[in-house]
Amino acid sequence: MLDKVAEQVKPFDPVIVGFTCNWCSYRAADSAGMARIKYAPNVRLIRLMCSGRWDPQFVLKAFAEGADGVLISGCHPGDCHYLEQNYKTIRRYELLKQTLASLGIEDGRVKLVWASAAEGAILAEEIDHMVAEVRALGPLNWGGNHGA
Amino acid sequence: MAHNGESKPKFAMYWAASCGGCEIAVLNTHELILEVDANFDVVFWPVAMDAKYHDVEAMDDGSITLCLFNGAIRNDENEEMAHLLRRKSQLLVAFGSCASEGCIPGLANLYSKQTMLDTAFSTITTDNPGAVRPIIAYDMPEGRIEILRTLDQVVKVDYSMPGCPPESHQIAAVVRLVIDALHGNAALPPRGAVIGAGDSTVCDECRRTRSEKTITEFRRMATFQPDPVQCLLEQGILCSGMATRSGCDARCPSANMPCIGCYGPAAGVVDQGARMMSAVASVIGGNDPKEIRAIMRGIADPAGTFYRFSLPSSLLRHAKV
Ligand code: SF4
Ligand code: SF4
């Protein structure tokens, strides 16, 4: 009984899945850690070789399996290690956002952030912003949402 | 799977939440229907013969050899029939797009129950002066109106056969295969397989030429005369060929119409809509987000277009309403 009450008053702690690029944003997160910059511990980072490897399906899968938000990060336009794969990321991202809007998923749950390897502080700040925004939106709870 | 030759194997076909097109597609196999009759006892097929649900209930479990189940699971009646026919059938085939992926009826999963009923019964174009509504306040046998599901989200299916409707030559091939297997002359594919379709994409079967061209705007068929040879997507027409399973011989692009995705996700594709987003993003030109957004505004209904046939079987299955 008391456990139940404790469960109810526990503040919602969002789960954010973050896709990072090996050449920039993953290192940015690393450098933020090394510099002991504090940021919300809600993000589970997944390293890709390039944000261009990222696919809209990754976001849908994350939501279907319980994520409350998804962060995609990569090198600034013009700085892609593989020349221009991050432009593909922009196109897919814009298309995904449009589609998610018609699926009723709030804008703040998916975010694209550019962060070079030197921009650990910027990435940390963006993560904090996003966690606050998703916390305000509340849980997505998709898996339990399928009805029967 | 062999039978003793005395009593013929039994055949059933059922429609749940569907339009009836799958039944027509079966009848469109022309003289093959005679082979079905020669090789099977048709024991249950509401569109073609009179039989009651209690007749099915009275059959022995597993006594129907082949059941083609078309239509999605929309209400309690559909669900009950799915369980009943599962129990009575040796081979239960999710037949056609509704049973396999949810299809057009599954687009209702983009809306709440209330919005759906409002749209069906109370828009300006609806002639319904008495504002009549179906009564769903209590549990009638016809049941609740909930999220639409595919057949395999409700019972285990042996095979899925995509298409809206499945192409008649594919139906003929599948029925022949089952007949041959019954006579011991062929092996059935592994359970769970997609049958009556190919393993690649509609693009692979399409005879149009692709040139890795990018586009600056999306266009609709009604507004211009598309080139008959060039890939439609590269002319700015939303064509689902890249995300869609082959098997129809690229019927629509051959007839100057874009593929709208009726054969469901291509082999290896989990989410047809996500694959479509990637495919469509790859033809959009321009690197500036503003420019990209402007081009994308030409896509009138992204969710309805990318998930036209497969929303209920997609990763998200429905909208947040
Ligand atoms: S996108 Fe459409 S028109 Fe182009 S090759 Fe594929 S199926 Fe053919
Ligand atoms: S081209 Fe596409 S929409 Fe047309 S029949 Fe084939 S799979 Fe279906």
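Residues numbered from 1 in each chain as written. Chains lettered and ligands numbered in written order. Predicted model: local features only at pLDDT ≥ 70, side-chain atom pairs only at ≥ 80, totals over all residues. Heavy atoms only, no water.

On to the domain arrangement of chain B, then. Residues and elements named next belong to chain B. Parsing chain B into structural domains produces domain 1 (10-106 + 142-182) and domain 2 (202-319). Of note, the centres of domain 1 and domain 2, computed from C-alpha atoms alone, are 30 Å apart. Contacts between the two partners involve 18 residues from domain 1, matched on the other side by 16 residues from domain 2. Between domain 1 and domain 2, roughly 1,300 Å² of surface is buried when both sides are summed, and carbon and sulfur atoms account for 58% of that area. Three residues, Glu101, Gln153 and Glu167, lead the burial of domain 1 against domain 2; their summed loss comes to 37% of the area buried on that side. Counting the contacts that link domain 1 with domain 2 gives one salt bridge. With a shortest N-O distance of 3.0 Å, Glu167 and Arg251 are connected by a salt bridge. Applying the counting criterion to the domain 1 and domain 2 interface returns six residue pairs in polar contact (both at pLDDT 80 or more). (Domains from an automatic or database assignment. Contact = heavy atoms within 4.5 Å. Buried area = accessible area lost by both parts, 1.4 Å probe. Salt bridge = Lys/Arg side-chain N within 4 Å of Asp/Glu carboxyl O. Polar contact = N/O pair within 3.5 Å; in protein donor to acceptor, adjacent residues only side chain to side chain.)

A separate point is the interface of chain B and chain A. A common way to express how large an interface is: the accessible area buried when the components associate. Counting residues at the interface gives 32 residues for chain B and 29 residues for chain A. Taken over both partners, the interface formed by chain B and chain A buries close to 2,800 Å², and the fraction arising from carbon and sulfur atoms is 64%. Broken down by secondary-structure element, the contributors of at least two residues to the side of chain B that touches chain A are helix H10 (272-283), helix H11 (289-296) and helix H12 (302-306) of chain B. Here the element with the most residues in the side of chain B that touches chain A is H10(B); it accounts for five residues. Residues belonging to the side of chain B that touches chain A are distributed by class as follows: 20 nonpolar, four polar and eight charged. (Helix = DSSP H or I, 4+ residues; strand = E, 2+ residues; numbered from the N terminus. Nonpolar A, V, L, I, M, F, W, Y, C, P; charged D, E, K, R; others polar.)

This part takes up helix H7 (residues 168-182) of chain B. Residue and element names in this part refer to chain B. Here H7 spans 21 Å end to end across 15 residues, near enough to the 21 Å set by a 1.5 Å rise per residue. Those residues of H7 that fall on the buried side of the exposure criterion are Ser168, Gln170, Ile171, Ala172, Val174, Val175, Val178, Ile179, Ala181 and Leu182. In the core, the buried residues of H7 are packed alongside helix H1 (21-27), helix H2 (32-39), strand E3 (64-70), strand E4 (89-95) and strand E5 (159-161). Immediately beyond the C-terminal end of H7, within one or two residues, lies Gly184, with a positive phi of roughly 75°. (Expected span 1.5 Å × (residues − 1). Buried < 20%, exposed > 50% of the residue type's maximum accessible area, 1.4 Å probe, protein only.)

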